[in-house]
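# Overview (structure and organization)
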Amino acid sequence: MTAITKRQLIIFFLILIVVMVSAYLIDKMTAPPPTPLKPAPATNSTDYITVKDNTGKVILETGLPVFANDEYICENNVHYIIKSVSGNQAVAEIKEEQTTSDTKKMGLGALAAPKNSISAQAFVENELRHMVIYHTHNDECYKPTSGVTARPGKGDIYKVGAALSEALEMGGINTSHSYKKHDPHDINAYHRSRRTALQLLKRRPDAAFDLHRDSAPRRAYLTLVNGIETGRVMIVVGRSNPNMKANLEYAKKIKAKADELHPGLMRGIFLGRGDYNQDLYPTSLLFEVGTKDNTLTEAKRAVRCLADAIIRVPIK
């Protein structure tokens, strides 16, 4: 093989190598990036918790946080205690009541207010009835009406509070309705609304109400009152506060009167972990009025019916 032939072969292979390397680099540069692995879908596809009894019967659906040892008095007044919670599922069993004759006879006037709360005696002595209303989660909306479930600072829940205030006023009860904002809707909202509650309670009202709406399915919060679709109401009592017994006593009276006047309006009473600022006052309650899938009109109807009961429940 001559020197010229060898040189031509070397040049040929060099050119071939350059072409192959260039083709490899171009392929790498123009190829689409690899698709990352997607995480497995979350098992909790709902924004509410379902509580069942030992037989598997659903007794409660709610967007409220649910923990073991929380309690629930259903619309038929069966008292349950939550035994376990796993994801968005919880199991409850009927609680064995342990009541004494003193407990059965205990009235609101007999309950002494804890040292860190505003005196209960103040509202017992009031001749004119006065109640205050505020909203810890003031962004809450009713999606069928507003198209959204939340509107920071401008929630539909304000209009529900106004409807309750108007209905109470028509029943002869003076009201103070706060439009104070407590955004954002996070774990500290109750700390912010606590300042609002303290300001309202300086007026020594008969009762204080914090109005919310739930995120359970529509079916859980829909009833008929006089043949008209109406939202339902659930009362929430904090079980981690020294006023729990007084709060619960008042809640039971309102529920009993509502059951008499508008059967089906009340879902029940939920006793949840926490205090919901109810440690501040013996007649402080949280109302869940409808759910995100109710209409605003249905929620307003609900609080007007609720007002019928509140007006007829004596504080003394």
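Not measured: the values here are computed from a predicted model. (Residues numbered from 1 in each chain as written. Predicted model: local features only at pLDDT ≥ 70, side-chain atom pairs only at ≥ 80, totals over all residues. Heavy atoms only, no water.)

## Observations regarding the overall build of the protein chain
Filter applied, for reference: Secondary structure elements are defined from DSSP: runs of H or I of at least 4 residues count as helices, runs of E of at least 2 residues count as strands, and each element is numbered from the N terminus. Burial classes follow relative accessibility: with a 1.4 Å probe on protein chains only, a residue under 20% of its type's maximum area counts as buried, one over 50% as exposed, and anything between as partly exposed.
The number of helices and strands found in the protein chain is eight helices and 13 strands. Counting only residues that meet the buried cut, the protein chain has 47% of its 316 residues in that class.

## Notes on the confidence of the model for the protein chain
What counts here: Values of pLDDT, ranging from 0 to 100, describe the predictor's confidence in every residue of the model. Should any heavy atoms of two residues lie within 4.5 Å, those residues are counted as being in contact.
In the predicted model, the protein chain carries a mean pLDDT of 85, and the fraction of residues at 70 or more is 75%. With pLDDT under 50 throughout, residues 30–45 is counted as low confidence; its partners more than four residues away or in other chains account for one contact. Throughout residues 98–116 the model reports pLDDT below 50, and contacts reaching past four residues in sequence, or to other chains, amount to 20 contacts.

## Some points on the nonpolar core
Defined as follows: Side-chain atoms within 4.5 Å are what join buried Ala, Val, Leu, Ile, Met, Phe, Trp, Tyr and Cys residues into a set we call a nonpolar core.
Formed by 42 residues in total, the largest nonpolar core has its most connected members in Phe209, Leu211, Tyr250, Ile254, Phe287 and Ile310. When residues of this core are traced back to their parent elements, those giving at least two are strand 6 (130–134), helix 5 (157–170), strand 8 (207–214), strand 11 (233–238), helix 7 (244–261), strand 12 (266–272), strand 13 (284–291) and helix 8 (296–312). Ranked by residues supplied to this core, first place goes to helix 8 with 10 residues. Judged by nonpolar contacts, the second largest core, of 21 residues, contains Leu64, Tyr80, Met234 and Phe270.

## Details of unusual backbone geometry
With omega at 0°, the peptide bond leading from Asp183 into Pro184 counts as cis. Following the sequence through the fold, Pro184 ends up in the loop between strand 7 (174–177) and helix 6 (189–201). Positive phi outside glycine occurs at Asn77, with the angle close to 70°. Inspection of the secondary structure puts Asn77 in the loop between strand 3 (71–74) and strand 4 (79–86).

## As for the layout of surface pockets
The cut-off we apply is this: Here a cavity denotes a set of grid points, spaced 1 Å apart and computed over the protein atoms alone, in which a 1.4 Å probe fits but from which it cannot get out, and a pocket denotes an open set meeting protein on both sides within 12 Å along at least five of seven lines; residues with an atom within 4 Å of a point are reported as lining. Grid points are joined across faces, edges and corners, and a volume is the space filled by probe spheres set on the points. In the scheme used here, Gly and all other residues not listed as nonpolar or charged are polar, with Ala, Val, Leu, Ile, Met, Phe, Trp, Tyr, Cys and Pro taken as nonpolar and Asp, Glu, Lys and Arg as charged.
Roughly 630 Å³ of volume is contained in the largest pocket. Forming the boundary of the largest pocket are 24 residues, of which Pro65, His137, Ile187, Tyr190 and Tyr276 lie nearest the centre. Looking at side-chain class alone, the lining of the largest pocket contains seven nonpolar, eight polar and nine charged residues.

## Some details on the packing of helix 5 against helix 8
Working note: a packed helix pair is described by the angle between its axes plus the distance between those axes. Stated formally: Fitted lines through C-alpha atoms serve as axes, helices being fitted only where they are in contact, and the angles separating the N-to-C directions of these axes extend from 0 to 180 degrees. Take the far helix as the reference: if the near one is turned anticlockwise from it by less than a right angle, the crossing is left-handed, and if turned clockwise, right-handed.
Where helix 5 contacts helix 8, the two axes come as close as 8 Å, and the packing angle between them is 35°. For the crossing formed where helix 5 meets helix 8, the hand is right-handed. Two secondary-structure elements touch here, helix 5 through Lys159, Val160, Ala163, Leu164, Ala167 and Leu168 and helix 8 through Leu296, Ala299, Lys300, Val303, Arg304, Ala307, Ile310 and Ile311. Residue composition of the contact of helix 5 with helix 8, by class: 11 nonpolar, no polar and three charged.

## Considering the environment of Thr62
With respect to the helices, strands and loops of the structure, Thr62 is situated in strand 2 (residues 58–62). Overall, the relative accessible area of 0% leaves Thr62 in the buried class. A C-alpha to C-alpha distance of 9.7 Å links Thr62 and Glu288, two positions 226 residues apart in sequence. Setting aside chain neighbours within four positions, we find Thr62 in contact with Tyr48, Ile49, Asp214, Ala216 and Met234.

## Points about the pairing of strand 1 (residues 49–52)
Going by this rule: Note: two strands are recorded as paired if DSSP finds a minimum of 2 bridges between them.
Sheet topology note: the strand 1/strand 2 ladder contains four bridges and is antiparallel. Note that in strand 2 the partner of Val51 across the bridge is Leu60. Here strand 1 folds back onto strand 2, and the loop between the two strands holds five residues, one of which, Gly56, carries a positive phi near 95°. As paired strands, strand 1 and strand 5 (residues 89–94) are joined by three bridges and run parallel to one another. Pairing of Thr50 across the sheet is with Gln89, part of strand 5.

## Thoughts on the pairing of strand 10 (residues 228–231)
Strand direction decides the pairing type here: strand 9 (residues 222–225) and strand 10, joined by four bridges, are antiparallel. The partner of Thr223 across the bridge, within strand 10, is Thr230. The hairpin formed by strand 9 and strand 10 contains two residues between the paired strands, and Asn226 there has a positive phi angle of roughly 55°.

## Quick word on the pattern of salt bridges
Quick note on the threshold: Counted as salt bridges are all cases of a side-chain nitrogen of Lys or Arg within 4 Å of a carboxyl oxygen of Asp or Glu.
Scanning the model with the defined rule gives 14 salt bridges in all. Among the ionic pairs, Arg232 bridges to Glu75, the shortest N-O distance being 3.1 Å. One end of the pair, Arg232, is in the loop between strand 10 and strand 11; the other, Glu75, is in the loop between strand 3 and strand 4, with 157 residues separating them in the sequence. By relative accessible area, Arg232 is classed as buried at 9%. Between Lys292 and Asp293 there is a salt bridge, with the nearest N and O atoms lying 3.2 Å from each other. Through salt bridges with shared partners, a single ionic network connects Arg218, Glu229 and Glu298.

## A few points about the side chain of Thr62
Applied cut-off: Each polar contact in these results corresponds to two N or O atoms within 3.5 Å; when the atoms are within protein, one needs to be able to donate a hydrogen and the other to accept it, and residues that are neighboring in sequence are counted only if both atoms are side-chain atoms.
Among the polar contacts made by the side chain of Thr62, one reaches the main-chain amide nitrogen of Leu64 at a distance of 3.1 Å. At 2.9 Å, the side chain of Thr62 forms a polar contact with the side chain of Asp214.

## Description of the packing of helix 7 against helix 8
Stated precisely, the cut-off is as follows: In this scheme, roughly parallel covers angles under 35 degrees and roughly antiparallel covers those over 145, while 65 to 115 is roughly perpendicular and the rest are oblique.
With their axes 8 Å apart at the nearest point, helix 7 and helix 8 run at an angle of 120° to one another. The angle between helix 7 and helix 8 falls in the class oblique. Judged by the twist between their axes, the crossing of helix 7 over helix 8 is right-handed. Residues Tyr250, Ile254, Lys257, Ala258 and Leu261 of helix 7 form the contact with helix 8, whose participating residues are Leu306, Asp308, Ala309, Ile310 and Arg312. Counted by class, the contact of helix 7 with helix 8 contains seven nonpolar, no polar and three charged residues.

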